[in-house]
Amino acid sequence: MENILNQIADSTNTATLPYVTIIFRILLSLVAGFILGLERKTRLRNIGIRTLILICVSSAILMMLSIHVATINTQKGDPSRIAAQVVSGIGFLGAGAIMRHGLNVKGLTSAAIIWAASAMGLCIGAGLYVIAFVTLIISVLSLIILEKFEVKFFPAERLKQLELVFATTECN
């Protein structure tokens, strides 16, 4: 058992990453995506469990691939190349979640959750478990606590009034 835990913790030699570590990282990213998705689904939001699991797991896999390709390449590849494309792709996916309804914009939180799930997947894929775990906890707590704060202090039902005052009555 201790040998397996040492293999999981050792993320320095990614060219020969043990299958146990690979499976652990994939399962850990699945759990992170599930927790984020569960929070969204319990609040009846558009982005759900399956979507966030797929984003988190695929980001972790692409990060492991990025590191692996860079270490086996004889020309000293750049491990950030594939990961950088994940960030670009997630930006497009998040943009698709944002919709305008009249004067309101919906989906910004969903887009941010997509971004966070991808970032956590990249961290898990790189073996940065603590960063991913802390990000997961902060994300879920902020979604739960800050929603109550916003409802109490900034209710959407409150009528908003905009008054424009012009210094001159002349129009050009």
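Further up the page is the structure itself.
In this text, all values refer to a predicted model and were calculated from it rather than measured experimentally.

1. Regarding the overall build of the protein chain
Assigned secondary structure in the protein chain consists of 6 helices and 2 strands. Along its sequence from the N terminus, the protein chain presents helices and strands in the succession α-α-α-α-β-β-α-α. Of all 172 residues assigned to the protein chain, the portion counted as buried reaches 31%. Looking at the protein chain as shown, the accessible area adds up to about 12,000 Å², and 66% of this sits on carbon and sulfur atoms.

2. Things to note about the packing of helix α2 (residues 19-42) against helix α5 (residues 108-125)
α5 packs onto α2 with a crossing angle of 165° between their chain directions and a minimal axis gap of 9 Å. On the basis of the axis angle, α2 is roughly antiparallel to α5. The two elements α2 and α5 cross, and the hand of that crossing is right-handed. Packed against α2, whose contacting residues are Arg-25, Leu-28, Ser-29, Ala-32, Leu-36 and Arg-40, the element α5 presents Thr-109, Ile-113, Ala-117, Met-120, Ile-124 and Gly-125 at the interface. In terms of residue class, the contact of α2 with α5 is built from 7 nonpolar, 3 polar and 2 charged.

3. Describing helix α3 (residues 49-72)
One turn of the α-helix equals 3.6 residues, which is why residues spaced by three or four share an orientation. The first and last C-alpha atoms of α3 sit 34 Å apart over 24 residues, in line with the 34 Å expected at 1.5 Å per residue. Those residues of α3 that sit buried are Leu-52, Ile-53, Ile-55, Cys-56, Val-57, Ser-59, Ala-60, Met-63, Met-64, Ser-66, Ile-67 and Ala-70. Residues of α3 that are buried in the fold lie against α2, α4 (80-97) and α5.

4. A look at the packing of α4 against α5
Pairs of packed helices are described in terms of their axes, by the angle between the two and the distance that separates them. Two numbers describe how α4 lies on α5: the axes approach to 8 Å, and their chain directions differ by 160°. Considering the angle they form, α4 stands roughly antiparallel to α5. Viewed along their axes, α4 and α5 form a crossing whose handedness is right-handed. On α5, the residues that touch Ala-83, Val-86, Val-87, Ile-90, Gly-91, Leu-93, Gly-94 and Ala-97 of α4 are Ser-110, Ala-111, Ile-114, Trp-115, Ser-118 and Leu-122. In the contact of α4 with α5, the residues fall into 10 nonpolar, 4 polar and no charged.

5. A look at the packing of aromatic side chains
Pairs of aromatic rings are described using the distance from one ring centre to the other and the angle between the two planes. Per the counting criterion, the structure on display carries 1 aromatic pair. Pairing Phe-24 with Tyr-129 gives two aromatic rings, centres 5.4 Å apart and planes at 85°, and the pair type is edge-to-face. Taken together, the residues Phe-24 in helix α2 and Tyr-129 in helix α6 (residues 129-153) connect sequence positions 105 residues apart.

6. Side note on the nonpolar core
Of all hydrophobic cores here, the largest spans 26 residues; its most connected members are Leu-36, Leu-52, Ile-55, Met-63, Ile-114, Met-120 and Leu-136. Sorting the residues of this core by element identifies α2, α3, α4, α5 and α6 as the ones contributing at least two each. At 8 residues, the largest contribution of residues to this core is made by α5. Setting aside anything within four residues of it in sequence, one finds Leu-36 in contact with Leu-52, Ile-113, Ala-117, Met-120, Leu-136, Ser-139 and Val-140.

7. Quick look at α5
Between its first and last C-alpha atoms α5 spans 26 Å; for 18 residues at 1.5 Å apiece the expected length is 26 Å, and the two agree. In terms of burial, α5 is a largely internal element, 13 of the 18 residues being buried. Where α5 ends, the next residue or the one after it, Gly-127, has phi of about 85°, a positive value.

8. Some thoughts on the environment of Val-86
Along the polypeptide, Val-86 turns up in helix α4. Here Val-86 falls in the buried class, since its relative accessible area comes to 8%. Sequence separation of Val-86 and Ser-58 is 28 residues, and the distance between their C-alpha atoms is 9.2 Å.

Basis of the calculations
- Residues numbered from 1 in each chain as written.
- Predicted model: local features only at pLDDT ≥ 70, side-chain atom pairs only at ≥ 80, totals over all residues.
- Heavy atoms only, no water.
- Helix = DSSP H or I, 4+ residues; strand = E, 2+ residues; numbered from the N terminus.
- Buried < 20%, exposed > 50% of the residue type's maximum accessible area, 1.4 Å probe, protein only.
- Areas by Shrake-Rupley, 256 points an atom, 1.4 Å probe, with all protein chains shown as cover.
- Axes fitted to C-alpha atoms, helices over the stretch in contact; angles between N-to-C directions.
- Parallel < 35°, antiparallel > 145°, perpendicular 65-115°, else oblique.
- Left-handed = near helix turned anticlockwise from the far one by under 90°.
- Contact = heavy atoms within 4.5 Å.
- Nonpolar A, V, L, I, M, F, W, Y, C, P; charged D, E, K, R; others polar.
- Expected span 1.5 Å × (residues − 1).
- Phe/Tyr/Trp six-rings, centres within 6.5 Å; stacked < 30°, edge-to-face > 60°.
- Core = buried A, V, L, I, M, F, W, Y, C linked by side-chain atoms within 4.5 Å.

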